[in-house]
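# Architecture and fold: a report
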Amino acid sequence: MGRRPSGAPATRPQIPRRVSGRGPRAMGPGGADELRAAEAVPLPFVRVAPKLFLGSARAAGATEQLTHEGVTLCVNVSRQQPGPRAPGVAELRVPVFDDPAEDLLAHLEPTCAAMEAAVRAGGACLVYCKNGRSRSAAVCTAYLMRHRGLSLELAFQKYEQILQAKARMPREPTDPSSGVPRPQ
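Residues numbered from 1 in each chain as written. Predicted model: local features only at pLDDT ≥ 70, side-chain atom pairs only at ≥ 80, totals over all residues. Heavy atoms only, no water.

Attention shifts here to the overall build of the chain. Each helix and strand in the chain was counted, giving five helices and five strands. Written out in order from the N terminus, the α and β elements of the chain read α-β-β-α-β-β-α-β-α-α. Looking at the chain as a whole, 40% of its 184 residues are labelled buried. Put simply, of all contacts in the chain between residues at least 6 apart along the chain, 54% involve residues at least 24 apart. When the accessible area of the chain is evaluated, it comes to approximately 10,700 Å², of which 54% is carbon and sulfur surface. (Helix = DSSP H or I, 4+ residues; strand = E, 2+ residues; numbered from the N terminus. Buried < 20%, exposed > 50% of the residue type's maximum accessible area, 1.4 Å probe, protein only. Contact = heavy atoms within 4.5 Å. Areas by Shrake-Rupley, 256 points an atom, 1.4 Å probe, with all protein chains shown as cover.)

Attention now moves to the packing of helix H3 (residues 105–120) against helix H4 (residues 135–148). Packing of H3 against H4 brings their axes to within 10 Å, and their N-to-C directions diverge by 65°. Here H3 is positioned roughly perpendicular relative to H4, judged by the angle of their axes. Judged by the twist between their axes, the crossing of H3 over H4 is right-handed. From H3, Leu108, Glu109, Thr111, Cys112, Ala113, Met115, Glu116 and Val119 reach across to H4, where they touch Val139, Ala142, Tyr143, Arg146, His147 and Arg148. Each residue belonging to the contact of H3 with H4 can be placed in one class, and the counts come to eight nonpolar, two polar and four charged. (Axes fitted to C-alpha atoms, helices over the stretch in contact; angles between N-to-C directions. Parallel < 35°, antiparallel > 145°, perpendicular 65-115°, else oblique. Left-handed = near helix turned anticlockwise from the far one by under 90°. Nonpolar A, V, L, I, M, F, W, Y, C, P; charged D, E, K, R; others polar.)

Let us look at unusual backbone geometry. For Lys51, which is not glycine, the phi torsion reads 70° and is therefore positive. Tracing the backbone through its elements, the reader meets Lys51 in the loop between strand S1 (45–49) and strand S2 (52–55).

Look at H4: 19 Å from first C-alpha to last across 14 residues, which is about the 20 Å you get at 1.5 Å a residue. Burial analysis of H4 places ten of its 14 residues in the buried class, which makes it a mostly covered element. Here H4 has its buried residues at Arg135, Ser136, Ala137, Ala138, Val139, Cys140, Thr141, Ala142, Tyr143 and Leu144. Looking at the residues trailing H4, positive phi occurs at Gly149, about 75°. (Expected span 1.5 Å × (residues − 1).)

A few words now on the pattern of salt bridges. For the coordinates displayed, the defined rule picks out four salt bridges. In this structure, Glu102 engages Arg79 in a salt bridge whose closest nitrogen and oxygen atoms are separated by 3.4 Å. Here Glu102, found in the loop between strand S4 (90–93) and H3, pairs with Arg79, found in the loop between strand S3 (71–76) and S4; they are 23 residues apart in sequence, far enough to count as distant. By relative accessible area, Glu102 is classed as partly exposed at 21%. The exposure class of Arg79 is partly exposed, given its relative accessible area of 41%. (Salt bridge = Lys/Arg side-chain N within 4 Å of Asp/Glu carboxyl O.)

On to the packing of aromatic side chains. Given two aromatic rings, one states the distance between the centres and the angle between the planes to describe the pair. A complete count under the given rule lists one aromatic pair for this structure. Their ring planes at 75° and their centres at 5.3 Å tell us that Phe45 and Phe53 sit as a pair that is edge-to-face. Each member of the pair Phe45 and Phe53 is classed as buried. (Phe/Tyr/Trp six-rings, centres within 6.5 Å; stacked < 30°, edge-to-face > 60°.)

Written out as structure tokens, the structure reads:
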């Protein structure tokens, strides 16, 4: 390694800090470039509808974002993923694997009722599974149909549009559950 000339200032590379998705931001040495780099990092969950969010398992650990969005209930649609870490956030576990043989339908009515109760109590709800694409999307779709009055087609279109806009899924059509055919 070479030595720096005597009297020359030491330089360190600028490493962008991760900045949360909303609210005032402090301008660091990187200024606007730092903000753009931080904004390029996607949030661990997306807003599906007012008071309803969809995400991957890492969303449960996004304490700052959960608090900021007023999330009071996390629906963990998995058997193995960790629960939320934010204080004051309850967990409802729907113990199913990402497998067509699992009976997710048996869990939908009580799960959607708990989600609606959280929303009516003034909170918000995050639904997540490992990748935030299949089981959790099916639960969000059921909730939108049951408590927001959307048809299956409109609920599924809403899901696809939101995730495509956030670049969180491939552009080709996908199923919210491999056991449920895509609406025609």
